[in-house]
Structures are given as C-alpha cells and as structure tokens.
Amino acid sequence: MARNSPLRVGAATSSLAGAVREPHRVHDPLLARSLVVRDGNAFLLVLTAVDLINLEGGFARELRRRVAERFGMAEHRAVIHVTHTHSAPPHHRLDHAALLAAVIDSVRRAASVARPARMALVRIDVGREFSRCRRWDSRSGAGSVTVIDNAGCDFRDGEVYVKGYVRAEFERIGHGRAHIPDDARLDGPVDGGLSFLHFIDGRGRTIAGMARFAAHVDQVAFRNGVVLSAEFPGYLCRRLKRELGGTHLFLNGPSADIKPYYREHTWKSCRRTGEGLAERLLAEMPARKDYRALKTLEVYADNLYLASRRDVSQDMASLVTQVFELRSGEALLGNLPIKKAREAYEHRWLVDTMAYIAAAFYGGDTGRMFAPRPFPMELISFNRTAPYLCMPDEVFAEMTRRVRAGCRGLPDLQTVSLCNGAGWYLPPKEEIAKGGYEPTFSISAPESFDMVSRAALALVRRAARGGREVWKDEDLARQLARAGIRRGDLLLVHSAIRSCGYVEGGADAILRGLRLAVGEEGTLVLPAFTGSREDSPDNPPAFDRRHSRCWTGALPLAALALPGGIRSFHPTHSCVAIGPAAHELTKDHIDSSTPVDSRSPVQKLARQGGKILIVGLDLRCLTLVHAVEETACTPDPCFKQPCRCLLIDGGHRELRDFRLHDWSVVPPDYERYRPALEKAGAIRMLKLADAPSLLLDGLLALDVLAGEIPVCSRSVSKVRSGPGARGRRS
C-alpha cells in the first residue's frame, strides 16, 4: 500500500502491573510496547511486544481479534510478540482481561501520537560476543545436553567449558559412563545478527525503534514471578530511549537453542548484556544518512496447522485402547504400556504415568494438547527493504539460517519468533535425533520444522517478488462460480494448497472462499484421513474423533478448528463436513463395512449429485475410485479379516469391527481413467488461485468408474444406481 506522503508511525507503552495477580516485587516494570503504522485513519499495522515469558495460542488469537475489531483492521495486521523474559509469571497466572486492556491502551496511545515517518535499518553482526549455543553436542552418540544455569561451567579465554555441568546431567539421567572430553565447551552456531529499525519524523526526532536480537531472556529467571523484570531487553530499550528519545521495542529472534553469554545470574549481568547491545547499535547511528520516507507497508500472511508428535499421541491412543480393553475384561494389567524412563529421560516416565491417569480416571480425553494447532506467520515489509518474518513458538536458530540461505535476494530479512502464540519448542529433525531438553518438551511432529521452513521461505520469496497477484477469499469464490460451482452445491475437496500461490490469510482464507462459493445453503466435505500402512487386524488403529491427526492437508485441519464442522466417525477415512447437509452426510459412516461404501460421506455426496474439486493434485488422490474398488472381484483393496478398532469421542468409547484398506495392495494409476472421464464430460479443468485444478461431476464419475473397473456381478447395480442416482448433474 503506497502514498505520496509518508505513512504515520507512533509508539507508546502501557504497564502490565494490573495483569499480575500474585504478590510480587518489581525490579523494573513489565510493559506492553506498541508500534502503530497508519495511513490516514486506517491502521496498517499494530505490533505489540509484551514483557512476558509465554502466551497461549488460543488467547493470542483472541487478543489479535479484539485488537483488530477495536481499531478496524484486518486481523493478520495485528502481531503480538512476547520478549520471553523469564522474570515474569506464566500466561495461566495472569489476569487476561487486564492484559488485554493494557495492550489496547498501548495501541490507543501509540495511534494518538503517530506522525509522518522516515526510516533506516541498522544491521550489524556481533558474532559470539553476546550469545552462545546452549546445547552441547557429544558428537559420539551420547546425545545433547542443554546448559541452562551455568552450574559447573568454567569460563576461560572467552569460552564456556561445560564438563562439570554435563557430567552432573548425565549422572542424573543414568548415563554416567558416557565419555566427556576435558575441552567440552559451548561451540555450536549462534545468530549474531543485531538490527535496529529506526523511525524519525521530518525534524529528525526519534519516533520509535525496533531492536532485534536472538537469545533466551533468562539471565535472572525468577520463573515464579516473585521478582518482576524485563531482564536484558528492558535495559536495552531504556538505554536507547535515554540516548535517542522515543519508544523502543525488543523483538526476539529464533533462539530456542541460544542463551546470552554471562557468568552469573545477576542484574549486573542483565545490564551488561542489554546496554552492551545498545552501545553497539548507538555506535552505528551517527553514520546513518540513508533515512527514507516510509511510503509502503505490506503484510503477507499464511496459517499452517502443525500436528502433534506421533510418539506421544500414539502412545496415548495405544494406552487408552488397552485401558478400555482392561475394563472390558479383554486384556491383562501387565499389558499396559507403562514404561520406565524410556530413552533414559524421566519425562517419558512422567508422560506415560499421566497418560495412565488420564485414561483410567479422566476418560482418556487429553484435551487440545494433541490436536492440530494453528501456526500463523506474517511477513511485514517496510518500504520493501526491511522485511520482518514473524512466527510463533520457541524456534531453533536454524530457521534463520535456512530462510536467509534460501532467499539471498533479501539480505536485510529479520526473523522474529514468539509471535501470536509462544509456548512450545520447535526443533529441527537433526536436533530431535540428539535428544535433550528442548526436543523432549516439544509437542510438534518431527516434520513440523521442515514444513514451517518451507512455508516461511515461500512467504519471503513472495515478498521478494514484490507480490504477483495476491488472492483473497472473494477472488477464489468468483473463480469457482465461473467453473460451475453453485450456491447450494455439495462439494468434496481434495487439496494441496501450496500450489495456490499467495492467498492472503492462508488455509483459513481458502476455506472461506470455498464456503462463499457454495453459500450458506451448500455443504463442504473435506477428507480428514488418518489411516497408515501400519493398520492391520493385528495392529488396529484407535481413532479419537476430536483429536486424531489427519494427513490430508491444511484445509481439513482448518475445518476441524471451526465450531460448525462435523467429523464422521471412521478409524481411517473420516471426513469433515460444514453446512446444512453435514449431519446427513456423516452420521452413518460409523456403520460402514468398508471405508468408502454407500454409508460414507464420499459416496453419499457423489450419489446425491455432488461435485468433487481436486486442487493442485491429479486423479491419484480421487478417493471416489475406492467406492468401486471395494466391490471389485480382484484385487480386493481391503483386509479380508475385520479390524477391531477403538473409537473415542470425548468420554464415550467403543470397540467396533471394520474392514480397512490393505496398503500392501498396489492400486492402479488412477490417471488411466482420465480419458473415459473426459469423454463422458465428467471432468473439467480450472484454476483455483494459481493452482491447476479439476472439477468432477460426482454421480457421472461414479458411473464412468463402474464401467472401467471390473466389479462382481452382484455389485454392479449397487455401484451404478441407488439413492440419488437421478440427482443433479454439473
């Protein structure tokens, strides 16, 4: 968004004292610091940094929604960052209403003092002067140890030697015989990038600044909140204010594995770090002559959904299954998977114990912890020269290296973590393999880091191109209408939405576009499949209707998060339906003998004249083919023996028999059916955003497939006719 005159920038603070409910002493105040960018009366950006250790994702979403609502702006343009000071109470011990009021107040104050701005970015590399990688890697198969409190560490020649700390840690977890070299030290990679985005007015007076550095904020770490402090970011911001004037924010980069370089847990140590960083920035300021009027501000957004760790969730599902069988008299107590200190980590014993308690005493409902969780990302670009990539969670520093290496055309790219939800570690696969503190206390699936880095890189490249077409939900609805989607349609969607290009708002916006296309009277169905190659009569899956993760993409995960979505009850081929026909389409799936029989949502939709949209994929994902295959003489895609599966829905659970798909049966290439479908007029091509897509008439496609796949004579009439056979056509 551009103007002839500069955009206006304002910044202000508000105290968080009212949000702290428990008795405490204050070393220095906890603040909400907000920066606002305005174009006339329109709010283009609200960026608020709060001096807290964490912020639960659900509350962060509510906070952003309330800010956006209060100031009349798009929700993705409101970003809430936590500095990660450990000298503050955790999120669940705060007064949430008072926290919201403080944030709103800081934004209101910032907006009231906004004035036309010029900007310049200071960027320097301080190397290892102020930080160290806190994970010591044995490099001998013994794993990694996270050095948190410096106990037993030796500081010599600017290095941190950790043999004493590591020995004590290995002994604690029963690994005392591991070899620890005398020169063991913290020598892993760090992110030494220190930056400062400086805003001034037309007379050269400071309006605001944003300092970015990557390090844990735990040099004093009163984790129980008895003594409150912003720690070293507070010293940094106060020094900048004293020297430059204005209001300054601290933004923490991906730093899950990085700690400040310090000897003692003292206020003096905090001050040395914070003011030392400020001095390095201030030394660069006199030479800055390249201030430019702030003319453009662009915000690109994407929203991923991250699945939980399979080892934890599968242990949980397995344990719940066995506890249920125990209650049913079908298993022995000795079969319960209560393992002792698996992988030598006490945390595993704790997880198993808590799983047993949840299963035996609380009905096995593990709550939202293991449900797919939103992971929103924003790319904020000031003047198209100072891009800030913002993401949730405590992310490892490897994220910064990957994104910068993948997009060298943006040398000034700044990465910021702990935004819009900060509560879990996000480690890369190679660090998970080494074990240690952070991977043990991460709930994200191992592939999550790679998934986030790819999405982040796509977002950055989008900004680097200056934005081709930016798609919005109403654009998608218009495309679908031109392709023949009508209000009131039943629409099944298979999707790989990464091929859509840049859709403002990500999966949530694409889902809104689909719902706009079919209208309030139409119904969407999205596969939320959970089956895997491991499923068999000897290893039947357990299915939790509320929390079992699906592998069919971001759209069904977004739909599962909506209050109106109904998920069918099937252990491997569940679907999520949204709309007036959702209940009718999903209610009988629990009685299906095979995954895609006449009771399944997929076949019901096709028989009732519904349409099938395939986004960014080809016919190999066409689940409707199974409706015919399951009646085929050969090869039979299902196990001949039924699988006894546990179905869980909150406090309700039951065992049921299903014939599931046998993944060892290799299906034919479904693209072979394309010529017949095209000849019958059952398929057409279109684009959804930038994604090549296919639209099929479900009933006509079912008839064509029944003619192409040899079926048993007793099944021909069942496949080619039945309820809805005379339904609508595309």
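Keep in mind the model is a prediction, meaning the values are calculated, not measured.

Enquirer: Now, about unusual backbone geometry: what can you tell me, with residues and values included?
Expert: Residues other than glycine seldom take positive phi values, yet Asn150 does so here, at roughly 70 degrees. Positive phi outside glycine occurs at Leu418, with the angle close to 60 degrees. Tracing the chain through its elements places Leu418 in the loop between strand E23 (414-416) and strand E24 (425-426). Leu418 gets classed as buried once you look at its relative accessible area, which sits at 3%.

Enquirer: Can you tell me about the pairing of strand E33 (residues 683-688), naming the residues and giving the values?
Expert: In this sheet, strand E34 (residues 691-697) lies alongside E33 in antiparallel orientation, the contact comprising 6 bridges. Each bridged residue has a counterpart across the sheet, and for Arg684 the counterpart in E34 is Leu695. Hairpin remark: E33 followed by E34, antiparallel, with 2 residues in the connecting loop; positive phi at Ala689, about 55 degrees.

Enquirer: Describe the pattern of salt bridges, and please don't skip the residues or the numbers.
Expert: Counting across every chain of the model gives 50 salt bridges. A salt bridge links Glu62 to Arg66, with the shortest nitrogen-to-oxygen separation between them at 3.5 Å. Of this pair, Glu62 and Arg66 both sit in helix H1 (residues 57-71), 4 residues apart, which is roughly one turn of that helix. Exposure remark for Glu62: the relative accessible area of 30% places this residue in the partly exposed category. By relative accessible area, which is 35% here, Arg66 ends up partly exposed. For Glu398, the salt bridge goes to Arg402, with nearest N and O atoms at 3.2 Å. Taken as a pair, Glu398 and Arg402 lie in helix H8 (residues 398-406) at a separation of 4 residues, close to a single helical turn. Take Glu398: its relative accessible area is 21%, and that puts it in the partly exposed class. Here the salt bridges share partners, and the residues they tie into one network are Arg134, Arg135, Asp137, Glu431, Lys434 and Glu438.

Criteria and thresholds
- Every chain begins its residue count from 1, and numbering advances along the sequence as written.
- Restriction of local features to residues with pLDDT of at least 70 applies here, the model being predicted, together with a cutoff of 80 or more for giving and counting side-chain atom pairs; totals for whole chains, interfaces and linings are based on all residues.
- Side-chain measures were taken over the full set of non-hydrogen atoms in the model, leaving aside hydrogen atoms and water.
- Secondary structure follows DSSP: runs of H or I at least 4 residues long count as helices, runs of E at least 2 residues long count as strands, and numbering of each begins at the N terminus.
- Throughout, exposure labels follow a simple rule: accessible area from a 1.4 Å probe, protein chains only, divided by the maximum for the residue type, with under 20% read as buried, over 50% as exposed, and the rest as partly exposed.
- Think of it this way: DSSP has to see at least two bridges between two strands before they count as a pair.
- The rule for a salt bridge is simple: a side-chain nitrogen of Lys or Arg has to be within 4 Å of a carboxyl oxygen of Asp or Glu.

These figures come from the coordinates and say nothing about function on their own.
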